[in-house]
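Geometric and topological summary
Here are the chains, one letter per residue:
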Amino acid sequence: MSKSDTSKPANSMWGGRFASGPDAIMTAINASIRFDQRLYAQDIAGSRAHAAMLAQQGIITSNDAQAIREGLLTILSEIESGAFEFSDALEDIHLNIESRLTQMIGEAGKRLHTARSRNDQVALDFRLWVRGQCDSAIEGITALMRAFVMQAEAGADWVMPGFTHLQTAQPVTWGHHMLAYVEMLSRDRGRFEDARRRMNECPLGAAALAGTGFPIDRAFTAKELGFDRPTANSLDSVSDRDFALEFLSAASICALHLSRFAEELVIWSSAQFRFVRLSDRWTTGSSIMPQKKNPDAAELLRAKIGRIMGAQVALLTVMKGLPLTYSKDMQEDKEQVFDAADTLMLALAAMTGMVGDMTANRDVLAQSAAMGFSTATDLADWLVRSLNLPFREAHHVTGTLVAMAESAGVDLPDLSLEQMQSVHSGITQAVFSVLGVENSVRSRQSYGGTSPVRVAEQVARWKAALG
Ligand code: ARG
């Protein structure tokens, strides 16, 4: 039921032309303070820089600027200690802080909003927040890369099955598989670095949308807040959220990578695979089946991409088709990004813990590597190299030998030389040297290949790069 609020006075921050206050439901739909209070530190930093600039330019007195800057620090500690009272009637973090400032220091507080609008203010605060999250993501990804490199170093020469279609393909090394994720994560990190670089321009001073007639110094505030430069177009500054979309896009791709390893962990830790043992710290038991050790963290990591990608789609949809410049629709940008960022940071930390703790079952990996005729390609390559067969023909001969082994219920190395020669008379005893998985991985020394020597080189490269 809508409760009329006409008895309430108009908003003290903008209510000059209003006779009465908003409907209670209007306040509920309009207020963003419950979520945008997360921007308090950025809002205060932006206002402090703005006040300093106003004084430097002679737009306000330095006494006023000092009172503002100190008052804002007091508010910062009030918020951090939990003493600050947030009010829905004051809509958002910007008005809550400004109103408290005026309550504290009087007249001077009312001068802070000179040559500024909430439009450039929110664009600034949110950009600062997302920039900080890029830094956190870069840090979290780097920690996870280190954990993978440690696994790769320990098992640079452990053989395991490599899969395509989740069918046995060719033997690979554990270290090589771990480093595949390091490569993906390094590109993820690069995406956050790129996004950060691109968003690092200061929108403050765009004011409502058109700039301002006051003689502001935008380079001053940009520098003060760690930006490379001020944004060059005031309309663009208050109306785009592509920096947040880039963050969500980088976060989605990163979460997608995490989900793929999470899925491998779910498969690998099953009783049927037993490739890895996850530590007790990252698993849970069942309340009814005493033998269970469930890979819950991995399963959740497999799922988290849903929230993050959902946030990206939601914000793209909010922004789609909006005319320039600011529209209140854009207030719907924050919760999505907050949730996605929280989810990503948690996911990175959980994955880092799990990778650091997991133990590969080296023997199981080696046994499994030999199953499923995994060295059939090595046999075909041997026929090409030693007998000069065209590859297609070698492929056919090998296929016949695989079928023979399969119907005999044995692996390729278990066939006798006579059986092999019945398919191709040129085959010699030397063929058996390529049928072992150790030899198979050792032979794949092409750059980027799975051979332990190549893996060791890549481990060394990453250790140097990651410090
Ligand atoms: N709470 C608003 C938001 O998040 C701040 C900007 C409001 N600007 C305005 N003209 N109403 O977008």
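Residues numbered from 1 in each chain as written. Predicted model: local features only at pLDDT ≥ 70, side-chain atom pairs only at ≥ 80, totals over all residues. Heavy atoms only, no water.

Examining the site of the ligand
The local shell around the ligand consists of Ser32, Asp36, Asp92, His94, Arg118, Asn119, Val122, Tyr326, Gln331 and Lys334. Ser32 is positioned with one of its side-chain polar atoms (N or O) 3.3 Å from a nitrogen atom of the ligand. Gln331 places a side-chain nitrogen or oxygen 2.8 Å from a nitrogen atom of the ligand. Looking at the shell around the ligand residue by residue, the classes come out as 2 nonpolar, 4 polar and 4 charged. (Near = heavy atom within 4 Å. Polar contact = N/O pair within 3.5 Å; in protein donor to acceptor, adjacent residues only side chain to side chain. Nonpolar A, V, L, I, M, F, W, Y, C, P; charged D, E, K, R; others polar.)

Points about the confidence of the model for the chain
Confidence in the prediction for the chain averages 95 pLDDT; 99% of positions are at 70 or higher. Across residues 1–5, where pLDDT falls below 50, the model places 10 contacts with residues more than four positions away in sequence or in other chains. (pLDDT = per-residue confidence, 0-100. Contact = heavy atoms within 4.5 Å.)

Thoughts on the packing of helix α15 (residues 376–387) against helix α16 (residues 391–408)
Direction vectors running N to C along α15 and α16 enclose 135°, while the axes themselves pass 8 Å from each other. Between α15 and α16, the interaxial angle falls into the category oblique. As for the relative orientation of α15 and α16, their crossing is right-handed in sense. Between α15, through Ala376, Leu379, Ala380, Asp381, Leu383 and Val384, and α16, the contact on the second element is made entirely by Phe391, Ala394, His395, Val397, Thr398, Leu401 and Val402. (Axes fitted to C-alpha atoms, helices over the stretch in contact; angles between N-to-C directions. Helix = DSSP H or I, 4+ residues; strand = E, 2+ residues; numbered from the N terminus. Parallel < 35°, antiparallel > 145°, perpendicular 65-115°, else oblique. Left-handed = near helix turned anticlockwise from the far one by under 90°.)

Side note on the environment of Val149
Looking at the element boundaries, Val149 is found in helix α7 (residues 118–154). For Val149 and Ile75, which are 74 residues apart along the polypeptide, the C-alpha to C-alpha distance reads 45 Å. In contact with Val149, not counting residues within four places along its chain, are Leu179, Val182, Val459, Trp462, Lys463 and Leu466.

Examining a nonpolar patch on the surface
Where nonpolar side chains cluster on the molecular surface, the patch consists of Leu209, Leu235 and Leu324 and spans about 280 Å² of accessible area. What makes Leu324 exposed here is its relative accessible area of 66%. (Patch = residues over 30% accessible without salt bridge, like charges linked within 9 Å, V, L, I, M, F, W, Y side chains within 5 Å. Areas by Shrake-Rupley, 256 points an atom, 1.4 Å probe, with all protein chains shown as cover. Salt bridge = Lys/Arg side-chain N within 4 Å of Asp/Glu carboxyl O. Buried < 20%, exposed > 50% of the residue type's maximum accessible area, 1.4 Å probe, protein only.)

Some thoughts on the pattern of salt bridges
In the structure shown here, the tally under the stated rule is 23 salt bridges. With a shortest N-O distance of 2.7 Å, Asp135 and Arg196 are connected by a salt bridge. Placement of the pair is Asp135 in helix α7 and Arg196 in helix α8 (residues 174–199), with a sequence separation of 61 residues. By relative accessible area, Asp135 is classed as partly exposed at 31%. On the basis of relative accessible area, Arg196 is assigned to the partly exposed category, the value being 23%. With its nearest N and O atoms 2.5 Å apart, the salt bridge here joins Glu263 to Arg302. Here the residue Glu263 occupies a position in helix α11 (residues 242–268), and Arg302 occupies one in helix α12 (residues 296–319), the gap between them amounting to 39 residues.

Let's talk about the nonpolar core
Among the nonpolar cores identified, the biggest contains 95 residues, and Trp174, Phe192, Phe261, Leu265 and Met351 are the most heavily contacted of them. Here the element with the most residues in this core is α11; it accounts for 15 residues. Dropping the residues within four chain positions of it, Phe192 is found in contact with Cys134, Ala137, Ile138, Ile141, Phe247, Ala250, Ala251, Cys254 and Leu344. Within the second largest apolar cluster, 20 residues are counted, among which are Trp382, Leu415, Leu417 and Leu435. (Core = buried A, V, L, I, M, F, W, Y, C linked by side-chain atoms within 4.5 Å.)

Focus: the pairing of strand β2 (residues 167–173)
The sheet contact formed by strand β1 (residues 159–164) and β2 spans 6 bridges and is antiparallel. Directly across from Gly162, in β2, lies its bridge partner Gln170. (Pairing = 2+ DSSP bridges.)

Considering helix α19 (residues 452–466)
At 3.6 residues per turn, the α-helix brings residues three or four places apart onto the same side. When the terminal C-alpha atoms of α19 are compared, their 20 Å separation across 15 residues agrees well with the 21 Å that a helix rising 1.5 Å per residue should span. Inspection of α19 places Pro452, Arg454, Val455, Gln458, Val459, Trp462 and Leu466 among the buried residues, and these make up the whole buried set. The arc that holds every buried residue of α19, seen down its axis, measures 150°, which confines them to one face. Residues of α19 that are buried sit in contact with α7, β2, α8 and α18 (437–443). Positioned one or two residues after α19, Gly467 has a phi angle of 75°, which is positive. (Expected span 1.5 Å × (residues − 1). Arc of directions from axis to C-beta.)

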